[in-house]
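A closer look at the structure
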Amino acid sequence: MSFAPTSLYERSSWLQSFQAMFRRPARLQIAALCVRENDGGREVLMVTSKSSRRWILPKGWPIMSRKPHRTAAIEAYEEAGVVGKARKKPFASFKSYKGADAGLRLKTDVLVYRVDVDEMVRNYPEKGKRTVTWVPVEKAIKMADEPGLAKVLRRLIK
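The following refers to the structure shown. The structure displayed is predicted, hence computed values, not measured ones.

Cut-offs used in this document
Residues numbered from 1 in each chain as written. Predicted model: local features only at pLDDT ≥ 70, side-chain atom pairs only at ≥ 80, totals over all residues. Heavy atoms only, no water. Helix = DSSP H or I, 4+ residues; strand = E, 2+ residues; numbered from the N terminus. Contact = heavy atoms within 4.5 Å. Areas by Shrake-Rupley, 256 points an atom, 1.4 Å probe, with all protein chains shown as cover. Buried < 20%, exposed > 50% of the residue type's maximum accessible area, 1.4 Å probe, protein only. Expected span 1.5 Å × (residues − 1). Core = buried A, V, L, I, M, F, W, Y, C linked by side-chain atoms within 4.5 Å. Patch = residues over 30% accessible without salt bridge, like charges linked within 9 Å, V, L, I, M, F, W, Y side chains within 5 Å. Salt bridge = Lys/Arg side-chain N within 4 Å of Asp/Glu carboxyl O. Lys, Arg positive; Asp, Glu negative; His and termini not counted. Charge placed at Lys NZ, Arg CZ, Asp CG, Glu CD. Phe/Tyr/Trp six-rings, centres within 6.5 Å; stacked < 30°, edge-to-face > 60°. Lys NZ or Arg CZ within 6 Å of the ring centre and 35° of its normal.

**Let's talk about the overall build of the protein chain**
Tallying secondary structure elements over the protein chain gives four helices and eight strands in all. For the protein chain, the α and β elements follow one another from N to C terminus as α-β-β-β-β-α-β-β-β-β-α-α. In the protein chain, 67% of the contacts between residues at least 6 apart in sequence involve partners at least 24 apart. Of the roughly 10100 Å² of accessible surface on the protein chain, a fraction of 53% belongs to carbon and sulfur atoms.

See the structure below:
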């Protein structure tokens with residue numbers, strides 16, 4: 001008995017089944033959309049990823065012992081030194097990929113929580129590992145490497 005598919009339909013079905021065995025489900029990350037009002041208007045905090053140096057929002061994997069909005073506040077603190085309050089309701093979501101610079105691309109869903117910034121501290125866990133900057137929303141949209149992130153940022157203009 002042969003296991004090799006014979007017809008085009010069987011080959012297509014077999015290939016889809018084979019690919020499905022190795023396809024990973026989407027992962028979830030939690031992002032912090034840190035926003036502040038300034039004399040010049042609304043600004044957004046952008047950070048670089050540690051490895052590829054792309055401009056992103058502070059984000060990370062969910063912390064199972066914390067509610068998602070608290071995870072967002074923790075990520076903002078750890079990656080950028082932001083102390084603030086994350087809103088409980090998600091602001092938006094978008095699809096992304098993790099690890100693209102290493103050649104392995106894990107599909108991720110990113111849940112974005114707005115963080116109202118109270119202060120910035122000088123010393124925080126990832127200081128020196130990322131570039132951190134406040135920019136006007138319009139500039140953040142241009143800096144964003146991912147179309148989904150740019151779309152989320154555009155919501156701040158409306």
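**Examining helix 4 (residues 147-154)**
Restricting attention to buried positions, one finds in helix 4 the residues Gly148, Leu149, Ala150, Val152 and Leu153. Taken together, the buried residues of helix 4 touch strand 1 (27-38), strand 2 (41-48), strand 3 (55-56), strand 6 (92-98), strand 7 (106-120) and helix 3 (137-143).

**Things to note about helix 2 (residues 68-80)**
End to end, helix 2 covers 18 Å across 13 residues, agreeing with the expected 18 Å (1.5 Å per residue, within 8%). Of all the residues in helix 2, the buried ones are His69, Thr71, Ala72, Ala73, Ile74, Glu75, Ala76, Glu79 and Ala80. Tucked inside the fold, the buried residues of helix 2 contact strand 1, strand 2, strand 4 (59-60), strand 5 (82-86), strand 7 and strand 8 (132-136). Just beyond helix 2, the residue with positive phi is Gly81, at close to 80°.

**Let's talk about the nonpolar core**
By size, the foremost hydrophobic cluster in this structure holds 22 residues, and its most contacted members are Leu33, Val44, Met46, Leu57, Val112, Leu153 and Leu156. When contributions to this core are tallied by element, the ones reaching two or more residues are strand 1, strand 2, strand 6, strand 7, helix 3 and helix 4. Excluding its chain neighbours within four sequence positions, the residues that come into contact with Val44 are Leu33, Cys34, Leu57, Thr133, Trp134, Val135, Val137, Ala140, Leu153 and Leu156. In this structure, Cys34, Val47, Ala72 and Ala76 belong to the second largest nonpolar core, which totals 15 residues.

**Structural notes on a positive patch on the surface**
A contiguous patch of positive charge, built from Lys89, Lys151, Arg154, Arg155 and Lys158, is present on the exposed surface. Structurally, Lys151 can be placed in helix 4.

**Comments concerning the pattern of salt bridges**
Pairing between side chains of opposite charge can happen when their charged atoms approach one another. Under the defined criterion, the tally for this structure stands at eight salt bridges. The residue Glu79 makes a salt bridge to Arg130 at a minimum N-O spacing of 3.4 Å. Residue Glu79 is located in helix 2, and its partner Arg130 is located in the loop between strand 7 and strand 8; the two are separated by 51 residues in the primary sequence. Judged by relative accessible area, which is 12%, Arg130 ranks as buried. The salt bridge partner of Lys95 is Asp109, with a shortest N-O separation of 2.7 Å. A residue pair is termed long-range when its members are at least 10 positions apart, and Lys95 in strand 6 and Asp109 in strand 7 qualify at 14 residues. Lys95 sits in the exposed class, given a relative accessible area of 59%. Ionic contacts of the salt-bridge type, sharing partners, join the residues Glu79, Glu126 and Arg130 into one network.

**Quick word on unusual backbone geometry**
Unusually for a residue other than glycine, Arg53 sits at a positive phi of about 65°. By secondary structure assignment, the location of Arg53 is in the loop between strand 2 and strand 3.

**What about the packing of aromatic side chains?**
Taken as a whole, this structure holds zero aromatic pairs when the rule is applied. The ring of Phe91 has Arg155 sitting right over it, with the charged end atom 4.5 Å from the ring centre.

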